[in-house]
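# Structural characterization, general
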Amino acid sequence: MADKKTMTLNLTDPEMRALEKLSETRDMTKTAVIRQALRLYQLMDTRLARGEKLFFEDELTKEKKEVVVL
Amino acid sequence: MSSRSDVFLQVKATGEYVAASLIDGINEEQVGAAETGWREVFDAELARLKSANVPPERWPQHAHWDWRKKHAVTDGILAYQMLGIECEGQMQGLVLLKTAGVYCRFPDQKGRGLVYVWFLSTAPWNSPTVVTNPRFGQVGTVLLAAAIQVSFDLGFNGRIGLHSLPQSEVWYEKNGMVNLGKDAECHNLRYFEMTPQQAERYLR
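Residues numbered from 1 in each chain as written. Chains lettered and ligands numbered in written order. Predicted model: local features only at pLDDT ≥ 70, side-chain atom pairs only at ≥ 80, totals over all residues. Heavy atoms only, no water.

Of regular secondary structure, chain A possesses 2 helices and 2 strands. Helices and strands in chain A line up, N terminus first, as α-α-β-β. Here the C-alpha atoms of chain A give a radius of gyration of 16 Å, more than 25% beyond the 11 Å that 2.2 N^0.38 yields for 70 residues. Once the C-alpha set of chain A is aligned to its principal axes, its extents read approximately 40 × 25 × 25 Å. The burial tally for chain A puts 11% of its 70 residues in the buried class. The long-range fraction of contacts in chain A, counting pairs at least 24 apart against all pairs at least 6 apart in sequence, stands at 10%. Just so you have it, chain A exposes about 6200 Å², and 55% of that area is on carbon and sulfur atoms. (Helix = DSSP H or I, 4+ residues; strand = E, 2+ residues; numbered from the N terminus. Rg over C-alpha atoms; globule rule 2.2 N^0.38 Å. Buried < 20%, exposed > 50% of the residue type's maximum accessible area, 1.4 Å probe, protein only. Contact = heavy atoms within 4.5 Å. Areas by Shrake-Rupley, 256 points an atom, 1.4 Å probe, with all protein chains shown as cover.)

Now for the interface of chain B and chain A. Of the residues lining the interface, 23 residues belong to chain B; the matching set on chain A comes to 17 residues. Counting the surface lost from both chain B and chain A, the interface buries some 1800 Å², and carbon and sulfur atoms represent 51% of this. When the shortest N-O distance is used, the salt bridge between aspartate 27 of chain A and arginine 112 of chain B registers 3.7 Å. The tally of links between chain B and chain A comes to 9 residue pairs in polar contact (both at pLDDT 80 or more). Considering each element in turn, the side of chain B that touches chain A owes the most residues, 4 residues, to helix α3 (residues 139-153) of chain B. The class makeup of the residues in the side of chain B that touches chain A is 11 nonpolar, 8 polar and 4 charged. (Buried area = accessible area lost by both parts, 1.4 Å probe. Salt bridge = Lys/Arg side-chain N within 4 Å of Asp/Glu carboxyl O. Polar contact = N/O pair within 3.5 Å; in protein donor to acceptor, adjacent residues only side chain to side chain. Nonpolar A, V, L, I, M, F, W, Y, C, P; charged D, E, K, R; others polar.)

Okay, the pairing of strand β7 (residues 160-164) of chain B next. Remember that side chains alternate between the two faces of the sheet whenever the strand is regular. All names here are of chain B. Of all the 5 residues making up β7, 5 are buried; the element is thus mostly covered by neighbouring parts of the structure. Neither face of β7 is left uncovered, since the one carrying Ile160, Leu162 and Ser164 and the one carrying Gly161 and His163 both have all their residues buried. Of the pairings in the sheet, the one linking strand β5 (residues 115-122) to β7 comprises 2 bridges and is parallel in character. In the strand pairing of β7, tyrosine 116 is matched with glycine 161. Bridging between β7 and strand β9 (residues 189-194) involves 5 bridges; their strand directions are antiparallel. The partner of isoleucine 160 across the bridge, within β9, is methionine 194. (Pairing = 2+ DSSP bridges.)

Moving on, we come to helix α2 (residues 30-49) of chain A. Taking 1.5 Å per residue, 20 residues should reach 28 Å; α2 of chain A reaches 28 Å between its end C-alpha atoms and fits that length. Where α2 of chain A is concerned, the buried positions are Ala32, Val33, Gln36, Arg39 and Leu43 of chain A. Projected down its long axis, α2 of chain A carries its buried residues within an arc of 125 degrees, all on one side. Turned more than 90 degrees away from the buried face of α2 of chain A, the exposed residues are Thr31, Tyr41 and Ala49 of chain A. On its buried face, α2 of chain A sits against α1 (13-25) of chain A together with β3 (80-87) of chain B. Looking at the residues trailing α2 of chain A, positive phi occurs at glycine 51 of chain A, about 100 degrees. (Expected span 1.5 Å × (residues − 1). Arc of directions from axis to C-beta.)

On the surface, Met7, Leu9 and Ile34 of chain A cluster together into a nonpolar patch covering about 310 Å² of accessible area. When you line up the elements, leucine 9 of chain A lands in the segment before α1. (Patch = residues over 30% accessible without salt bridge, like charges linked within 9 Å, V, L, I, M, F, W, Y side chains within 5 Å.)

Of all hydrophobic cores here, the largest spans 37 residues; its most connected members are Ile85, Leu144 and Ile160 of chain B. If you look at the next biggest cluster of nonpolar residues, it comprises 26 residues, including Ala34, Leu49, Trp67 and Tyr80 of chain B. (Core = buried A, V, L, I, M, F, W, Y, C linked by side-chain atoms within 4.5 Å.)

Let's shift gears to unusual backbone geometry. Residues and elements named next belong to chain B. Phi is positive for asparagine 53, which is not a glycine, with a value near 55 degrees. Inspection of the secondary structure puts asparagine 53 in the loop between α1 (28-51) and α2 (67-74). Positive phi is not limited to glycine here, since histidine 187 has a value of about 55 degrees. Inspection of the secondary structure puts histidine 187 in the loop between β8 (178-183) and β9.

This is the structure in structure tokens:
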């Protein structure tokens with residue numbers, strides 16, 4: 001696996017609480033959650049740059065709502 | 001940036017094991033060389049099957065995969081990871097993983113992240129569905145182990161998932177994956193998962 005570099009991350013209390021909650025519900029370390037967030041953000045960014053759109057879809061009604069990204 | 005680690009493949013003719021390299025982070029040149037070499041063998045085999053009137057459902061089901069295209073679309077995106085095994089100067093197998101945004105369906109693990117094995121292929125000269133005397137064995141086994149290691153590295157505790165081509169279903173079951181049935185949203189392919197416990201056993 002690729003070598004890793006270490007960084008310090010400063011989070012607000014709400015951010016830390018959100019990170020801890022995600023870590024608990026997803027059964028992942030906080031570091032793993034951050035690494036996943038980075039992957040998802042970059043994926044979203046790349047596909048938006050290609051002209052694609054990001055939607056949420058209601059499972060029952062199949063109604064799509066676009067996630068607006070500025 | 002790619003990394004290499006030592007793995008072993010089995011020479012089918014003798015049963016002996018030979019050293020090979022697992023490459024994490026395949027580059028354009030490597031995938032191009034693999035695609036060119038594999039394409040020649042696949043095309044020859046498909047031509048032979050056509051002329052022998054073998055029904056299409058018995059053709060190798062992954063022969064049409066274009067690894068060069070898959071690499072072009074996913075290269076540089078962290079959520080995708082392509083690994084390969086190089087031995088005797090040739091790529092003997094490739095796997096493309098999705099490492100973000102895919103979650104377990106197995107009831108015990110529902111909602112937890114996993115590494116999705118999107119495409120996995122051994123070189124055609126290693127595949128018993130393509131050649132009578134395959135060259136190397138253990139290619140799929142090593143690539144599946146690599147996917148599990150990526151899962152551990154990302155904090156998913158070894159969880160992996162995949163949709164299997166019909167010709168590979170028995171192999172995935174033999175390798176300890178749970179068959180969760182056909183997925184109507186994915187060409188009715190059977191969906192398999194491996195739990196953390198199964199992943200630990202697989203790597204032993």
